[in-house]
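Below are the chains, spelled out letter by letter.
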Amino acid sequence: MNSRIKKIIVAIALLGLVASACFAYFVYNTMFNVNTAFNNDYAYVYISSTDTYKDVRAQLEPLLLDIDKFDVLAKQKKYTSHIRPGKYAIAKGMNNNAIINSIRSKNIPVKVSFNNQETLEKLAGRISKQIEADSVSLLKTMKDSAFLNKNNFSVATALGMYIPNSYEFFWNTDAVKFRNRMLTEYNRFWNSTRTQKAKALNLTKDQVLTLASIVHEESKQSKEQPRIAGVYLNRLRIGMPLQADPTLKFAAYKLPKYKNTIIKRVLNVHKAINSPYNTYKNIGLPPGLIAMPDVSAIHAVLNYEKHKYIYFAADAKRIGFHKFAKTLTQHNINARSYHNYLSSQGINK
């Protein structure tokens, strides 16, 4: 072999080594160099079920130092055609390889919390801010007649299926999965102990929840709720109308006349409203919940205070609390005191 051929072989070998070195550098630079551009410990991306790689890329671009190098590796690892919905974390200092591994397989659960939602509409709006499902699909699913009938609910009682608490969901949970999970949680809440307590009261689960919604609207004081529940249960036992002011407000707000208003004082005109929720006109519980009760109010009904009180009125000296009475005479004194307080504050409607 002459010297010229040797030189060519050596040159080719050197070129090969250079090419290999360049390729190795490119691979290392593309895969393993830090490629985050944010200062926080973590950044989060929310990938919807309908997102394409273009949508994901738009979220990632402001978070990365070099989106083009990310593109190269994403194509190489076939991520561009295998997008997975969910909430994903990108840690500060991650390289492209780690980022792709994270947004491909590390879907992070989110905490979904709700309470004090007065209607299914408001609940749907609240939930839609925490998971991917929109409020329209959530509300439609919540009111689905086939589902309600199958599980012994009605539109009037459906709100009771959603026990206020914090729950873990994947962000990309759809409306049906959310509703079905809530049914599971409802059935778990109604364990044998609570179910037996409801039976001992001669109330169904729906009736317990309906009464709890009234108790909750009467008082947010958990220590006082069992006593208020006891008053209403006493009235139910003797066949006396519940005469619950919150039910009158609920009935009024369904009328066009009271739309976008706040009733601060229940008047005789409200007591004349023709509605199944008017517990001044109708004996017994209304047909459904008037709001979402806290768990404390549900427990207050199931573990009500046994006493002989039949009446209660708001306490003008301890706002948020009530005065209780066994006789109408004492109740009228208590009620007059509170009405005078309202008048002194200029609250006439």
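The numbering scheme is per chain: residues are counted from 1 as the chain's sequence reads. Per-residue local features of the predicted model are confined to residues with pLDDT of at least 70, and side-chain atom pairs are confined, for both listing and counting, to 80 or more; whole-chain, interface and lining totals are unaffected and use all residues. With hydrogens and water stripped out, all remaining heavy atoms of the structure feed into the side-chain values.

Engineer: Which parts of the structure should I look at to understand the overall build of the protein?
Structural biologist: On a plain count of helices and strands, the protein comes out with 15 helices and 6 strands. Relative to a compact globule of 349 residues, whose C-alpha radius of gyration would be 20 Å, the protein shows 32 Å and is clearly more extended. If one aligns the C-alpha atoms of the protein with their principal axes, the spans along those axes are about 125 × 45 × 35 Å. Categorising residues by exposure relies on relative accessible area from a 1.4 Å probe, with only protein chains included: less than 20% of the type maximum marks a residue as buried, more than 50% marks it as exposed, and the intermediate range marks it as partly exposed. Counting across all 349 residues of the protein, residues that qualify as buried make up 43%. Starting at the N terminus, helices and strands are each numbered in turn, a helix being any DSSP run of H or I of at least four residues and a strand any DSSP run of E of at least two. The reference for a compact globule is 2.2 Å times residues^0.38; the radius of gyration itself is calculated from the C-alpha atoms.

Engineer: Could you clarify how one ought to interpret the side chain of Thr157 in this entry?
Structural biologist: With respect to the element layout, Thr157 can be found in the loop between α7 (145-150) and β4 (165-170). Thr157 gets classed as buried once you look at its relative accessible area, which sits at 6%. Residues adjacent in sequence count toward polar contacts only when both atoms are side-chain atoms; beyond that, a polar contact is any pair of N or O atoms within 3.5 Å, and within protein one must be able to donate a hydrogen and the other to accept it. From its side chain, Thr157 meets the backbone nitrogen of Ser154 in a polar contact 2.9 Å long. Leaving out residues up to four positions away in the same chain, Thr157 has contacts with Asp206, Pro287, Gly288 and Leu289. In this description, contact between two residues means that some pair of their heavy atoms is separated by no more than 4.5 Å.

Engineer: Looking at this structure, I do not really get the packing of helix α10 (residues 205-218) against helix α11 (residues 225-238). What am I missing?
Structural biologist: Packed helix pairs are characterised by how far apart their axes lie and by the angle those axes make with each other. For the pair α10 and α11, the least separation of the axes is 10 Å and the interaxial angle reads 125 degrees. Relative to α11, the element α10 lies oblique. Judged by the twist between their axes, the crossing of α10 over α11 is right-handed. Taking contact as the criterion, the partners of Leu211, Ile214, Val215, His216 and Glu218 in α10 are, on α11, Gln225, Ile228, Ala229, Tyr232 and Leu233. As a working rule, the residues Ala, Val, Leu, Ile, Met, Phe, Trp, Tyr, Cys and Pro are called nonpolar, Asp, Glu, Lys and Arg charged, and the rest polar, with Gly in that last group. Tallied by class, residues from the contact of α10 with α11 come to 7 nonpolar, 2 polar and 1 charged. Only the stretch in contact is used when fitting a helix axis, every axis being a line fitted to C-alpha atoms; angles between N-to-C directions are given from 0 to 180 degrees. Between 65 and 115 degrees an angle is taken as roughly perpendicular, under 35 as roughly parallel, over 145 as roughly antiparallel, and anywhere else as oblique. A crossing counts as left-handed when the near helix is turned anticlockwise from the far one by less than a right angle, and as right-handed when that turn is clockwise.

Engineer: Looking at this structure, how should I read the pattern of salt bridges?
Structural biologist: Side chains bearing opposite charge may pair, as long as their charged atoms lie close to each other. Salt-bridge detection follows one rule: a side-chain nitrogen of Lys or Arg within 4 Å of a carboxyl oxygen of Asp or Glu. Applying the stated criterion across every chain, the model contains 11 salt bridges. Here the salt bridges share partners, and the residues they tie into one network are Arg57, Glu61, Asp68 and Asp71.

Engineer: Where do I start with helix α5 (residues 120-128) in this structure?
Structural biologist: The periodicity of an α-helix, 3.6 residues per turn, causes residues three or four positions apart to be oriented the same way. What α5 keeps buried is the set Leu120, Leu123, Ala124 and Ile127. The arc enclosing the buried residues of α5, seen along the axis, measures out at 100 degrees, which places them on a common side. Looking at the buried residues of α5, the elements they touch are β3 (109-114), α6 (135-142) and α8 (175-189). In this description, the arc belongs to the directions extending from the helix axis to the C-beta atoms.

Engineer: What should I look at first to understand the confidence of the model for the protein in this one?
Structural biologist: Reading predicted coordinates in detail is not appropriate for stretches of low pLDDT. The pLDDT value tells you how sure the predictor is about a given residue, anywhere from 0 up to 100. This prediction gives the protein a mean pLDDT of 90; 91% of its residues lie at or above 70. In the model, residues 18-26 has pLDDT below 50 throughout and makes 1 contact with residues more than four positions away in sequence or in other chains.

Engineer: Before we go on, may I ask you to explain the packing of aromatic side chains in this structure?
Structural biologist: Pairs of aromatic rings are described using the distance from one ring centre to the other and the angle between the two planes. Pairing of aromatic rings covers Phe, Tyr and the six-membered ring of Trp, with a centre-to-centre limit of 6.5 Å; geometry is then stacked below 30 degrees between planes, edge-to-face above 60, and tilted otherwise. Enumeration over the complete set of coordinates arrives at 12 aromatic pairs. Residues Tyr42 and Tyr44 carry aromatic rings whose centres are separated by 6.4 Å and whose planes lie at 25 degrees to one another, so their mutual orientation is stacked. With centroids separated by 5.7 Å and ring planes inclined at 85 degrees, the aromatic side chains of Phe189 and Trp190 adopt a geometry described as edge-to-face. The residues Phe189 and Trp190 share a single accessibility class, namely buried. Grouped by ring-pair contacts, the aromatic residues Tyr232, Tyr309, Phe312 and Phe324 constitute a single cluster. Any Lys NZ or Arg CZ found within 6 Å of a ring centre and within 35 degrees of that ring's normal is scored as a charge over the ring. When the ring centre of Phe147 is taken as reference, the NZ or CZ atom of Arg179 above it lies at 3.8 Å. Taking NZ or CZ as reference, Arg181 lies 4.7 Å from the ring centre of Phe169, over its face.

Engineer: I would appreciate a short explanation of a nonpolar patch on the surface in the present structure.
Structural biologist: A patch consists of residues whose relative accessible area exceeds 30% and which take part in no salt bridge; residues with like charges are grouped when within 9 Å of each other, and nonpolar side chains (Val, Leu, Ile, Met, Phe, Trp, Tyr) when within 5 Å. Only the protein chains shown count as cover for residues, and the accessible areas themselves come from Shrake-Rupley with a 1.4 Å probe. A cluster of nonpolar residues, Tyr42, Tyr44 and Tyr46, forms a patch on the protein surface that exposes about 320 Å² of accessible area. By secondary structure assignment, the location of Tyr42 is in strand β1 (residues 42-47).

Engineer: Explanation requested: the environment of Lys257 in the structure shown.
Structural biologist: Its location among the elements puts Lys257 in the loop between α12 (245-253) and α13 (268-271). According to the relative accessible area criterion, Lys257 is exposed, its value standing at 61%. For Lys257 and Leu233, which are 24 residues apart along the polypeptide, the C-alpha to C-alpha distance reads 32 Å.

Engineer: Hey, could you run me through the side chain of His307 in this one?
Structural biologist: With respect to the element layout, His307 can be found in the loop between α14 (295-302) and β5 (311-314). Using a relative accessible area of 16% as the deciding quantity, one classes His307 as buried. Residues in contact with His307, not counting those within four places in the same chain, are Arg227, Gly230, Val231 and Asn234.

Engineer: Could you clarify how one ought to interpret the nonpolar core in this entry?
Structural biologist: Across soluble globular proteins, nonpolar side chains have a tendency to be buried as a group. To define a nonpolar core, start from buried Ala, Val, Leu, Ile, Met, Phe, Trp, Tyr and Cys residues and group those joined through side-chain atoms within 4.5 Å. Counting residues in each nonpolar core, the largest one holds 63 residues, and the members touching the most others are Phe114, Tyr162, Phe178 and Tyr232. Apart from the residues lying within four places of it in its own chain, the contact partners of Tyr232 are Leu211, Ile214, Val215, Glu218, Leu242, Ala244 and Phe312. With 22 residues, the next largest nonpolar core counts Met31, Leu64, Tyr79 and Met94 among its residues.

Engineer: Looking at this structure, I do not really get the environment of Gln243. What am I missing?
Structural biologist: Tracing the chain through its elements places Gln243 in the loop between α11 and α12. When its relative accessible area of 30% is taken as the criterion, Gln243 is described as partly exposed. Remark: the alpha-carbon pair of Gln243 and Asn282, spanning 39 residues in sequence, is separated by 8.7 Å.

Engineer: Mind showing me how you'd approach α6 here?
Structural biologist: Of all the positions in α6, only Leu138, Thr141 and Met142 are classed as buried. For α6, the arc enclosing every buried residue in end-on projection is 100 degrees, short of the 170-degree limit, so these residues lie on one face. When the buried face of α6 is taken as reference, the exposed residues oriented beyond 90 degrees from it are Val136 and Lys140. Next to the buried residues of α6 lie α5, α7 and α8.

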